[in-house]
Amino acid sequence: METKLPNALTQAPALSVVVPMKDEMDNVAPLVREIEAALRNHCTFEIVCVDDGSEDATADKLRAAKSQCEELRVLEHEFCCGQSTATRTGVQGARAPWIVTLDGDLQNPPSEIVKLIVARDSCAEQNLAMVAGQRLKREDSLFKKLSSQIANKARSAVLGDGIRDTGCSLKLFRRDVFLELPYFDHMHRFLPALIQRAGGHVITVDVEHRPRATGLTKYGLGNRLWTGIVDLMGVLWLKRRAKQPIIKELD
Ligand SMILES: Nc1nc2c(ncn2[C@@H]2O[C@H](COP(=O)(O)OP(=O)(O)O)[C@@H](O)[C@H]2O)c(=O)[nH]1
Ligand SMILES: [Mg+2]
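(A) Here's a closer look at the side chain of T101. For T101, the location among the structural elements is in strand 4 (residues 98–101). At 2.7 Å, the side chain of T101 forms a polar contact with the backbone oxygen of S169. In this view, T101 contacts V18, T87, S169, L170, K171 and F173; residues no more than four positions away in its chain are not counted.

Structure follows, in structure tokens:
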């Protein structure tokens, strides 16, 4: 992938913020502003927005935001490939060793990123690979809250990953560990279990959640619940077939 670096980013930053976006034109400017405000005095960072074949003016808004923010990089898919694939494109293109992901609709407050960083920095676990945000109070419709609760209960019962809410996009994780995970469409809902399968340690932090201010949700029963059940069986199979050898080399 060709990577064009803004002048301010000749050295790899400490953190890459990866945001997959599909038809989020009115969220672009406030999102970039809020991420900048959250991280400006905290660490070096880049923002990698992945425009996943949006059909509204998201691409134009991202271009305009780029001229206001040196840390913003924009990757575009020619056509929509879904949230997981857009996330992977962003992580592949990112340059920091640690990635934070969040939704492009401002439902995850960017100010919460710092909570994840603080939790990572105060964790003594050597194999720490992910700090997963868990929404304290989900600000969505009753239907969405119920279907998400059922999906989360089924997933944690089947996979035993010990995570209350994997649907929260606010996650901080090691780039190298993520890129070694088995890749499939919709994998973003199973990241903690996949990281544990790879031998990585996952901790959780409670985070705030806000109602969607503008734009439309892209997920409903058809593309979340039923796909989720099939994927759950796939992840269970992957988990059962996992081996983590401890390798020694003879002197
Ligand atoms: N790249 C990409 N992002 C998507 C797609 N569908 C949803 N998203 C993004 O994923 C995030 C969550 O989607 P959203 O529709 O708000 O789901 P909800 O919060 O569960 O209702 C938002 O940032 C969306 O822009 C997609 O097909 N491709
Ligand atoms: Mg949303």
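(B) A nonpolar patch on the surface, seen in detail. A contiguous nonpolar surface patch, about 410 Å² in accessible area, is contributed by F143, L221, W226 and I229. No other element matches the 3 residues that helix 8 (residues 221–240) contributes to the nonpolar patch. Along the chain, W226 falls in helix 8.

(C) Structural detail: empty space enclosed by the protein. Counted according to the given criterion, the structure contains 2 cavities of 30 Å³ or more. Taken as a whole, the largest cavity spans an internal volume of roughly 120 Å³. Those elements that provide at least two residues to the lining of the largest cavity are helix 3 (83–93) and strand 6 (171–174). Within the lining of the largest cavity, the residues separate by chemical class into 5 nonpolar, 7 polar and 2 charged. In this structure, the second largest cavity occupies an estimated 50 Å³ of space.

(D) Up close: the site of ligand 1. Lining the immediate surroundings of ligand 1 are 20 residues, of which D52, G104, K144, T217 and R224 lie closest. In the model, an oxygen atom of ligand 1 is placed 3.5 Å from a nitrogen or oxygen of the P20 main chain. A distance of 2.4 Å is found between an oxygen atom of ligand 1 and a side-chain nitrogen or oxygen belonging to K144. Starting from 570 Å² of accessible surface for ligand 1 in isolation, the protein chains cover 95%. Taken atom by atom, the bulk of ligand 1 overlaps the largest pocket. Looking at the shell around ligand 1 residue by residue, the class counts come to 5 nonpolar, 5 polar and 10 charged.

(E) Fine view of the environment of N152. Along the chain, N152 falls in helix 5 (residues 142–159). Through-space distance from the C-alpha of N152 to that of G167 is 7.9 Å; in sequence the pair is 15 residues apart. Excluding residues that lie within four positions of it along the chain, N152 makes contacts with R164, D165, T166 and G167. Separated by 3.1 Å, the side chain of N152 and the backbone nitrogen of T166 make a polar contact.

(F) Layout of the nonpolar core. Among the nonpolar cores identified, the biggest contains 34 residues, and L15, V17 and L39 are the most heavily contacted of them. Listing elements by their share of this core, those giving two or more residues are strand 1 (15–21), helix 1 (28–39), strand 2 (45–52), helix 2 (58–66), strand 4, helix 4 (113–121), strand 5 (128–135) and strand 7 (201–207). With near-sequence residues (within four places) excluded, L39 lies in contact with L15, V17, F45, I113, V114 and I117.

(G) Fine view of the pairing of strand 5. Among the 8 residues of strand 5, 8 are classified as buried, and the element is accordingly described as predominantly covered. Judged from the 7 bridges that link them, strand 5 and strand 7 form a sheet pairing that is parallel. Counterpart to Q134 in the pairing with strand 7 is D206.

(H) Spatial organisation of the coordination of the magnesium ion (ligand 2). Summarising the metal site, the magnesium ion (ligand 2) is bound by the protein donors D105 (OD) and Q107 (OE1), whose distances to it range over 1.9 to 2.1 Å. Of the two residues, D105 and Q107, both sit in the buried class.

(I) Main features of helix 1. Here helix 1 contains 12 residues, and its C-alpha end-to-end distance of 17 Å stays within 8% of the 16 Å for a straight helix at 1.5 Å per residue. Where the residues of helix 1 are buried, they touch strand 1, strand 2, helix 2, strand 3 (72–77) and helix 4.

(J) Inspection of the sheet that holds strand 7 at higher detail. The strand order 3-2-1-4-6-5-7 describes an open sheet built from 7 strands, whose pairing is mixed. Strand pairing shows two members of the sheet lacking a second neighbour, strand 3 and strand 7, which therefore form its edges. Going from strand to strand, the sheet's axes swing by 20 degrees on average, the running direction of each strand aside. Its contacts with the sheet put helix 1 on strand 1, strand 2 and strand 3, and the angle it makes with strand 1 is roughly 165 degrees.

(K) Summary view of the pairing of strand 1. Most of strand 1 is tucked away: 7 of the 7 residues are buried. Judged by which residues are buried, strand 1 turns out to be covered on both faces: L15, V17, V19 and M21 on one side and S16, V18 and P20 on the other are all buried. Once the chain exits strand 1 it traverses helix 1 before rejoining the sheet at strand 2, and the crossover so formed is right-handed. For strand 1 and strand 4, the ladder comprises 4 bridges, and the chain directions are parallel. Paired with V17 across the strands is V100, a residue of strand 4.

Rules and cut-offs
- Residues numbered from 1 in each chain as written.
- Chains lettered and ligands numbered in written order.
- Predicted model: local features only at pLDDT ≥ 70, side-chain atom pairs only at ≥ 80, totals over all residues.
- Heavy atoms only, no water.
- Helix = DSSP H or I, 4+ residues; strand = E, 2+ residues; numbered from the N terminus.
- Polar contact = N/O pair within 3.5 Å; in protein donor to acceptor, adjacent residues only side chain to side chain.
- Contact = heavy atoms within 4.5 Å.
- Patch = residues over 30% accessible without salt bridge, like charges linked within 9 Å, V, L, I, M, F, W, Y side chains within 5 Å.
- Areas by Shrake-Rupley, 256 points an atom, 1.4 Å probe, with all protein chains shown as cover.
- Salt bridge = Lys/Arg side-chain N within 4 Å of Asp/Glu carboxyl O.
- 1 Å grid on protein atoms, 1.4 Å probe; cavity = no way out; pocket = protein on both sides within 12 Å on 5 of 7 lines; lining within 4 Å.
- Points joined across faces, edges and corners; volume = space filled by probe spheres on them.
- Nonpolar A, V, L, I, M, F, W, Y, C, P; charged D, E, K, R; others polar.
- Near = heavy atom within 4 Å.
- Sits in = over half its atoms within 2 Å of the grid points.
- Core = buried A, V, L, I, M, F, W, Y, C linked by side-chain atoms within 4.5 Å.
- Buried < 20%, exposed > 50% of the residue type's maximum accessible area, 1.4 Å probe, protein only.
- Pairing = 2+ DSSP bridges.
- Donors = N, O, S within 2.8 Å, 3.2 Å for Na, K, Ca; no water.
- Expected span 1.5 Å × (residues − 1).
- Axes fitted to C-alpha atoms, helices over the stretch in contact; angles between N-to-C directions.
- Right-handed = clockwise from strand over helix to strand, strands pointing away.

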